[in-house]
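# Summary of the model geometry
Listed below are the residues making up each chain.
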Amino acid sequence: MNTDKLTKILSLLVRLDLGVRVKIQPPFLTGKVNDKDYNMICLEVSHVDGKIKRVNTPVDITNIFLYINNKSGNNIVLLSTNTTKKLMTRDVSMFELSQGILYKNEMELYENNIIS
């Protein structure tokens, strides 16, 4: 899925479900909650053998918002800062990832969704 589209879709979830206003700068969402600044990266990933591959980003981020495209059920997850740090240094198992979820939801995303 196009990064811009994914970021816009995930920003709607953050706004509607969590009530947090964010600025969209694909692939990043930035915002402030309780006077704390957040910088999230939105990524589409696949799990392979029960693991999510390490994430590389040149920008300092506080959280990762993942769309796991080959997972059924809750396939959209917002990770805690601690789990984000782990995923930025190494591959993480789906079990370990599940221990650091701040928000989860299920969504079917199609490439032909109309979002501008």
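Overview of the structure.

Calculation criteria
Residues numbered from 1 in each chain as written. Predicted model: local features only at pLDDT ≥ 70, side-chain atom pairs only at ≥ 80, totals over all residues. Heavy atoms only, no water. Pairing = 2+ DSSP bridges. Helix = DSSP H or I, 4+ residues; strand = E, 2+ residues; numbered from the N terminus. Core = buried A, V, L, I, M, F, W, Y, C linked by side-chain atoms within 4.5 Å. Buried < 20%, exposed > 50% of the residue type's maximum accessible area, 1.4 Å probe, protein only. Contact = heavy atoms within 4.5 Å. Expected span 1.5 Å × (residues − 1). Polar contact = N/O pair within 3.5 Å; in protein donor to acceptor, adjacent residues only side chain to side chain.

Moving on, we get to the sheet that holds strand β4 (residues 47-48). The strands that make up a sheet are held in pairs by hydrogen bonds between backbone atoms, and each pair lies either parallel or antiparallel. Strand order across the open sheet formed by three strands is β4-β5-β8, with antiparallel pairing between neighbours. Strands with a single pairing partner mark the edges of an open sheet, and in this sheet they are β4 and β8 (92-93). Of the pairings in the sheet, the one linking β4 to strand β5 (residues 51-52) comprises two bridges and is antiparallel in character. The residue bridging Val 48 from the neighbouring strand is Lys 51, located in β5.

Another point: the environment of Thr 3. Relative to the elements of secondary structure, Thr 3 occurs in helix α1 (residues 3-18). Through-space distance from the C-alpha of Thr 3 to that of Asn 39 is 16 Å; in sequence the pair is 36 residues apart.

Take the nonpolar core next. Ranked by size, the top nonpolar core spans 16 residues in total, and within it Leu 10, Val 14, Val 22, Leu 29, Phe 65 and Ile 76 carry the most contacts. Of all the elements in the fold, those that place two or more residues in this core are α1, β3 (36-45), β6 (63-68) and β7 (76-79). Those residues within four positions of Val 14 in sequence are excluded, and the remaining contacts are Gly 19, Val 20, Val 22, Leu 29 and Phe 65. Membership of the second largest hydrophobic core comes to 15 residues, among which are Phe 28, Leu 66, Leu 79 and Val 92.

Now for unusual backbone geometry. The omega torsion of the bond from Pro 26 to Pro 27 falls at 5°, within 30 degrees of zero and hence cis. Relative to the assigned elements, Pro 27 resides in the loop between β1 (22-25) and β2 (28-33). The phi dihedral of Asn 34 falls on the positive side, at around 50°, and the residue is not glycine. Examined against the element boundaries, Asn 34 turns out to sit in the loop between β2 and β3.

The terminal C-alpha atoms of α1 lie 21 Å apart, and with 16 residues this matches the ideal 22 Å at 1.5 Å per residue to within 8%. Looking at the buried side of α1, the elements it contacts are β1, β2, β3, β6, β7 and β9 (101-105). The opening residue of α1 is Asn 2, an N-cap whose side-chain oxygen sits 2.7 Å from the backbone nitrogen of Asp 4. Positive phi appears at Gly 19, one or two residues downstream of α1, with a value of about 70°.

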